[in-house]
Amino acid sequence: MKKFFKIFSLIFIITFVVLVSVFHKRIILSYEIAKKYLTLKNHLWTTQAINIKTSSNSMSYKDVVYKNTNGVPLTLDIYAPLKQVYKTSPVLLYVHGGSFVYGDKNIPDTLSPILDTFREQGYTIISTSYELMRNKENFNKQISDIKDTIRWVYKNKSDYNFDTDYIGVIGISSGAYLSLMASYSNEADFKDDAELSRYPSKVKYLIDFAGPTDLSLLNTNDLNYDLSKIFLSIKNKEDMVQKFNPIDYVNSNNPNTLIIHSNLDSMVPYESSKKLYDKLTSVKANVDLITLNSTAHDLSSISNDDIVAISKGLLKFIIFNSPL
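This is a predicted model, so every value here is computed, not measured. Position numbers for residues start from 1 in each chain and track the written sequence from start to end. Confidence filtering applies because this is a predicted model: local features only for residues at pLDDT of at least 70, side-chain atom pairs given and counted only at 80 or more, and all residues used for totals across whole chains, interfaces and linings. The basis for every side-chain value is the complete set of heavy atoms in the structure, and neither hydrogens nor water enter the calculation.

A.B. asks: Outline the overall build of the protein chain, supporting the account with residue identities and numerical values.
C.D. replies: In this description a helix means any DSSP run of H or I spanning at least four residues, a strand means any run of E spanning at least two, and both kinds are numbered starting from the N terminus. Counting its secondary structure elements, the protein chain contains 10 helices and eight strands. Per-residue accessibility, obtained with a 1.4 Å probe over protein chains only, is compared with the maximum for each type, and a residue is labelled buried under 20%, exposed over 50%, and partly exposed between these values. Counting over 324 residues, the protein chain shows a buried share of 55%. We call two residues contacting when some pair of their heavy atoms lies within 4.5 Å. The contacts of the protein chain with a sequence gap of at least 6 include a subset with a gap of at least 24, amounting to 79%. Note on areas: Shrake-Rupley, 1.4 Å probe, and residue coverage restricted to the protein chains presented here. Only carbon and sulfur atoms are counted for the fraction: they give 51% of the accessible area of the protein chain, which is about 14600 Å².

A.B. asks: A description of the confidence of the model for the protein chain should follow, citing residues and the corresponding values.
C.D. replies: For every residue, the predictor reports its confidence as pLDDT, a number between 0 and 100. Per-chain confidence: the protein chain averages 81 in pLDDT, with 79% of residues scoring 70 or above. Contacts of residues 1-8 to residues separated by more than four positions or lying in other chains number 11 contacts, the stretch itself having pLDDT below 50. Scored below 50 in pLDDT, residues 10-23 shows 14 contacts in the model against residues more than four places distant or in partner chains.

A.B. asks: Any chance you could break down the packing of aromatic side chains for me, citing the residues and the numbers?
C.D. replies: For Phe, Tyr and Trp, where Trp contributes only its six-membered ring, two rings pair if their centres lie within 6.5 Å, and the inter-plane angle classes them as stacked under 30 degrees, edge-to-face over 60, or tilted in between. Applying the stated criterion across every chain, the model contains 13 aromatic pairs. Here the aromatic rings of Tyr 61 and Tyr 160 are separated by 5.2 Å at their centres, their planes lie at 90°, and the arrangement is edge-to-face. Residue Tyr 61 is found in strand S1 (residues 61-69), and its partner Tyr 160 is found in helix H5 (residues 157-160); the two are separated by 99 residues along the sequence. Judged by relative accessible area, Tyr 61 falls into the partly exposed class, the value being 40%. Assessed through its relative accessible area of 22%, Tyr 160 is described here as partly exposed. Centroid distance Tyr 86 to Tyr 123: 6.2 Å. Interplanar angle 85°. Geometry classified as edge-to-face.

A.B. asks: Would you mind going over helix H6 (residues 174-184) in detail, with residue names and values included?
C.D. replies: Of all 11 residues in H6, 11 are buried, a share of seventy percent or more. Among the residues of H6, those classed as buried are Ser 174, Gly 175, Ala 176, Tyr 177, Leu 178, Ser 179, Leu 180, Met 181, Ala 182, Ser 183 and Tyr 184.

A.B. asks: With reference to specific residues and values, describe the environment of Ser 99.
C.D. replies: Along the chain, the position of Ser 99 falls in the loop between strand S3 (89-95) and helix H3 (112-120). Classification of Ser 99 as partly exposed rests on a relative accessible area of 23%. A sequence separation of 78 residues divides Ser 99 from Tyr 177, and the C-alpha atoms of the two residues are 10.0 Å apart. Sequence-distant contacts of Ser 99, defined by excluding residues within four places in its chain, comprise Ser 174 and Leu 227.

See below:
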């Protein structure tokens, strides 16, 4: 671990020197993120309670209902900026994973240092829920839920002082898949709430942690009971793949994208992220890929080298997608 700290510190010093000529707020943001990651000890995607600013006790608004369709109220949590750095606040939306049937909007420990720092540097963090699948496939509804969350941000920008020119999305696993679909699809696609449908759903950037990009590549041979019911409910898999594949929505106007994926991932094949990266590159979209070499889908047993790769990549990506 000491070796990791030395390597990370060296990388940060180099990054900092390079960015001295860049705007002051971006330098502060990079410094604070690096400092917090140096203290991070838990590298698993857990939601265990720890003493961080993104705990439920520090929420500015908890369980805000952003829409209610089909008798299912969906909520989001808002973590307001801890400092007023900008006139209006950039927004970072977190979308949880859980194989489409599990999970909640509690923020995992591994993301807390970054989200914590964003708040200290004037950002608003929003963690959203979506309707989980029960007994049958419902990709259309889940994607619409994420797009409606973004539309809700636009609708309420004056009430909460949001800067809708700087909306970012960070998704984990199935949450990354939904984020990709919501961010890459056209404005007119995937509408659910009639009132929210009148608002935009455009985002500036997207961070994709091991999200499926090509559903045809997923291994569905050894699923648990809940997931088996979902996939057995799909009557025409070819039609579903054609409509719900993020890679088929790639174009040069896609938001800036950072992909982070392990080549040892047995749940979501690394090949899917590589295909997405190659296709985005071919249309000259702004994309970067961080390949991890030591860890599984849940980032268990992650090596120091991979921690450095994630930290360095996030630093670069976040800084250059932050307001001036």
